[in-house]
Amino acid sequence: MSTPPEWSDDGEVWIVDTGVFVACGREGNDKYAALRRLAVSREMRLLVPRRVYDELGGAPDGSTPQDVPIERAVEAGWVRVADEPDYTNGTVASVMDSVRSFVAESSNRAEDEIEKADTALAGVAVHCLERRGVSSVRVVTTDRDAGEGAVTALSAHGFSNRVVYEDGFELIEAIT
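Quick look at the structure, then. On a predicted model such as this, the values are computed, not experimentally measured, just so you know.

### Describing the packing of helix H2 (residues 30–41) against helix H8 (residues 168–175)
Viewed as axis vectors pointing N to C, H2 and H8 meet at an angle of 90°, and their least axial separation amounts to 9 Å. Relative to H8, H2 is oriented roughly perpendicular. In contact with Lys 31, Ala 34, Leu 35 and Leu 38 of H2, H8 contributes Leu 171, Ile 172 and Ile 175. Residue classes in the contact of H2 with H8 are distributed as six nonpolar, no polar and one charged.

Laid out in structure tokens, this is it:
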């Protein structure tokens, strides 16, 4: 299987959440294979926040390393792991706080119960849109609140025409 070419600093980046990889299952699963084919054939740039990578990187007790598909995707080059967002960047901090508030309100939970990976999606998006010259980002998550929160927060900070939320379950269904 071929790997995508080196990434340039323009175009669209897909920022993918934990739930998408969990929903795809193991490397031999048809859903996982379909996601890999899509990414490679379209030369898509799939990026996972460091927090998402960390969530997916720890194999549960009793499993084998092959059960954790994210590592194979990174090794094959069709997924990359983002650096941690720069939390001292005011836009990053503000967007992440806005996402946390949005998810808390939408899900009727306390803000301190919101997963940090949910807000990291938007933090990485800011990093991409500000520093990498990326034209747009697509936030792909199975968590509707996190996806809608990211779009709402990023739009409020001047990125309204440069961010899209993609439902991870709908994407998987469409490609399999």
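Further notes follow.
### Here we look at the packing of aromatic side chains
Enumeration over the complete set of coordinates arrives at one aromatic pair. Stacked on the ring of Trp 14, the Lys or Arg Arg 138 has its end atom at 5.0 Å from the ring centre.

### Observations concerning the sheet that holds strand E5 (residues 163–167)
The strand order E3-E2-E1-E4-E5 describes an open sheet built from five strands, whose pairing is parallel. Here the strands that pair on one side only, and so sit at the sheet edges, are strand E3 (79–81) and E5. Going across the sheet, the axis of each strand differs from the next one's by a mean of 30°, ignoring polarity. Strand direction decides the pairing type here: strand E2 (residues 45–48) and E3, joined by three bridges, are parallel. Its bridge partner being in E3, Leu 47 is matched across the sheet by Arg 80. Against the sheet, helix H3 (residues 50–57) contacts strand E1 (12–16), E2 and E3, and its axis sits at roughly 75° relative to E2.

### Description of helix H5 (residues 90–107)
Along its 18 residues, H5 runs 26 Å from first to last C-alpha, staying within 8% of the 26 Å computed at 1.5 Å per residue. Val 92, Val 95, Met 96, Val 99, Arg 100, Val 103 and Ala 104 are the residues of H5 that are buried. All buried residues of H5 fall inside an arc of 170° around its axis, so they share one side. Turned more than 90 degrees off the buried face of H5, the exposed positions are Gly 90 and Glu 105. Between a side-chain oxygen at the N-terminus of H5 and the backbone nitrogen of Thr 91 the separation is 2.8 Å; the capping residue is Asn 89. With its phi angle positive at about 55°, Asn 108 sits one or two positions after the end of H5.

Rules of the game
Residues numbered from 1 in each chain as written. Predicted model: local features only at pLDDT ≥ 70, side-chain atom pairs only at ≥ 80, totals over all residues. Heavy atoms only, no water. Axes fitted to C-alpha atoms, helices over the stretch in contact; angles between N-to-C directions. Helix = DSSP H or I, 4+ residues; strand = E, 2+ residues; numbered from the N terminus. Parallel < 35°, antiparallel > 145°, perpendicular 65-115°, else oblique. Contact = heavy atoms within 4.5 Å. Nonpolar A, V, L, I, M, F, W, Y, C, P; charged D, E, K, R; others polar. Phe/Tyr/Trp six-rings, centres within 6.5 Å; stacked < 30°, edge-to-face > 60°. Lys NZ or Arg CZ within 6 Å of the ring centre and 35° of its normal. Pairing = 2+ DSSP bridges. Expected span 1.5 Å × (residues − 1). Buried < 20%, exposed > 50% of the residue type's maximum accessible area, 1.4 Å probe, protein only. Arc of directions from axis to C-beta. Polar contact = N/O pair within 3.5 Å; in protein donor to acceptor, adjacent residues only side chain to side chain.

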